[in-house]
Amino acid sequence: MTMMLLNSASLRGGCCRHETLLQLLGPLLSHSKLYSSYRRPGAEPEKKTLWQNADFSFKKGFDVLKTQLSLLKEETQNHLVGPEGRPLSQYLLEQTRVLWQFRSQEDLNKWVISSDVEIGGKSEVYLKLSRNNQGALLYGTLNTEAPRDGETKYSGYCSMRAKPRLGSFRRKKYYDWSNFNSLYLRVRGDGRPWMVNIYTDPYFSHQKDDLYNYFMFTRGGPYWEEIKIPFSKFFLSSRGRVQDSQHPIWLDKISTLGFTIGDKVDGPFQLEIDFIGLLNDRAHTEEFAYEMYDKNTPV
C-alpha cells in the first residue's frame, strides 16, 4: 500500500503533492528527519532527499491504520451527538469551559517547550508537575547573550505551546471558541511579564507566521491569581512585529495557544499554571480594542 502511494505521487509530481503525502505518511516513518526545517546560519544544507531519510515500517503502518479508523469512528459518533460531542442545547448554553488542566504527566505531554537554543542561544527551560500534582511548573533561566554566528542579533526567549489537535488520518482540527469572549487562567508567577500567544489557521500560506498576542502580568508571591483576558484585547503580529492592519481573532479556527517570556532580563523565571479555560463574560461588550483602517478609502 505504501509503495503504491509513493508510485502514484512520483507519477503526478509536484512539490506540494509530496508535502501532502508526507503528512499522511508521517506516522509510518521512523528515524527520519522530516520535521526539522530550521538550519543554523553557516551550516551545510542536507544533501539527502526526504525519501532517502525515510524508514518505512509496514507493521507500524497497520497499527496506525487501525488506530486512525477507531478515531474516525469516534469522531462520527460525536458528530451525530452534537458539536464537539455534546448536545446542542448544552453547547449553546455553556458559560465556562476548562481547556487544559495539569494533573498528570499525560497532561504535560500535550505541550511542547522551546527556547533560543534552537538558534544558538543559551536560555534553558523545563516543564514538570508542581507540588502534589496540582499544576504545571514552567521554569528555567533566561540568557540574552546572542549567538556568535554573525547573523543573529537578538536572543533570550523561552516558550511553552500546546500541541495542535489532529483528527483521524492526521487531519487538522481546530478549537471553536466562538461561544466565549475571554480567556481565563489560574496562575502563580514570579512577577515577570509573559506574552500569551493564540495561533489561528492561516487562510493564505504567507500568513503562517501570524499570531495574536496579549500581555499577562504576574504579581509574584505565594498566592494564586486568576487572570481574565478578553479576546478583543489580542493584537495581530507576525514574526515579532505588530501589524498595522488589525482585525479580531477568528475564534472558530483556533489552532493552539502558548506562553512566551522574553523581557530582556537575565536570570531565573518560573510560572505555575493550574488550569487554562474559557469564559463568556456577559458584562464585556467590546468587540475589538484597536482601530481598524479602511484599505480602500475613496479618494
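Just above, that's the structure.
Before going into details, it helps to say that this report is about the structure given with it. (Residues numbered from 1 in each chain as written. Predicted model: local features only at pLDDT ≥ 70, side-chain atom pairs only at ≥ 80, totals over all residues. Heavy atoms only, no water.)

**Re the pairing of strand β6 (residues 182-189)**
Summarising the sheet, β6 and strand β9 (residues 225-230) pair through six bridges and their orientation is antiparallel. Bridging from a neighbouring strand, R186 pairs with E226 of β9. Sheet topology note: the β6/strand β13 (residues 267-279) ladder contains eight bridges and is antiparallel. Bridge pairing links R188 to E272 in β13. (Pairing = 2+ DSSP bridges. Helix = DSSP H or I, 4+ residues; strand = E, 2+ residues; numbered from the N terminus.)

**Structural notes on the side chain of N181**
Locating N181 in the fold gives a position in the loop between β5 (158-162) and β6. Engagement of the side chain of N181 in a polar contact is seen with the backbone oxygen of D281, the distance being 2.7 Å. What N181 contacts, discounting residues up to four positions off in sequence, is P230, F231, L279, N280, D281 and H284. (Polar contact = N/O pair within 3.5 Å; in protein donor to acceptor, adjacent residues only side chain to side chain. Contact = heavy atoms within 4.5 Å.)

**Things to note about the nonpolar core**
In this structure, W100, W177, F231, L257, F259 and I276 are the most contacted members of the largest nonpolar core, which totals 39 residues. When residues in this core are grouped by element, the largest group, five residues, is from β13. Excluding its chain neighbours within four sequence positions, the residues that come into contact with F231 are W177, F180, N181, S182, L183, I198, I249, L251 and L278. (Core = buried A, V, L, I, M, F, W, Y, C linked by side-chain atoms within 4.5 Å. Buried < 20%, exposed > 50% of the residue type's maximum accessible area, 1.4 Å probe, protein only.)

**Considerations on the pattern of salt bridges**
Counted under the stated rule, the structure contains 14 salt bridges. The partner of R97 in a salt bridge is E94, with the nearest N and O atoms 3.0 Å apart. The exposure classification of R97 matches that of E94, with both residues buried. Close ionic contact of R188 with E272 constitutes a salt bridge, the shortest N to O distance being 3.0 Å. You can see R188 sitting in strand β6 and its partner E272 sitting in strand β13, a full 84 residues away along the chain. Each of R86, E94 and R97 takes part in one network of salt bridges that share partners. (Salt bridge = Lys/Arg side-chain N within 4 Å of Asp/Glu carboxyl O.)

**Considering the pairing of strand β7 (residues 193-200)**
Put simply, side chains in a regular strand alternate between the two faces of the sheet. Strand direction decides the pairing type here: β7 and strand β8 (residues 210-217), joined by six bridges, are antiparallel. Counterpart to M195 in the pairing with β8 is F215. Taken together, the six bridges between β7 and strand β12 (residues 254-261) define a ladder with antiparallel strand orientation. Looking at the pairing, M195 lines up with T260 of β12.

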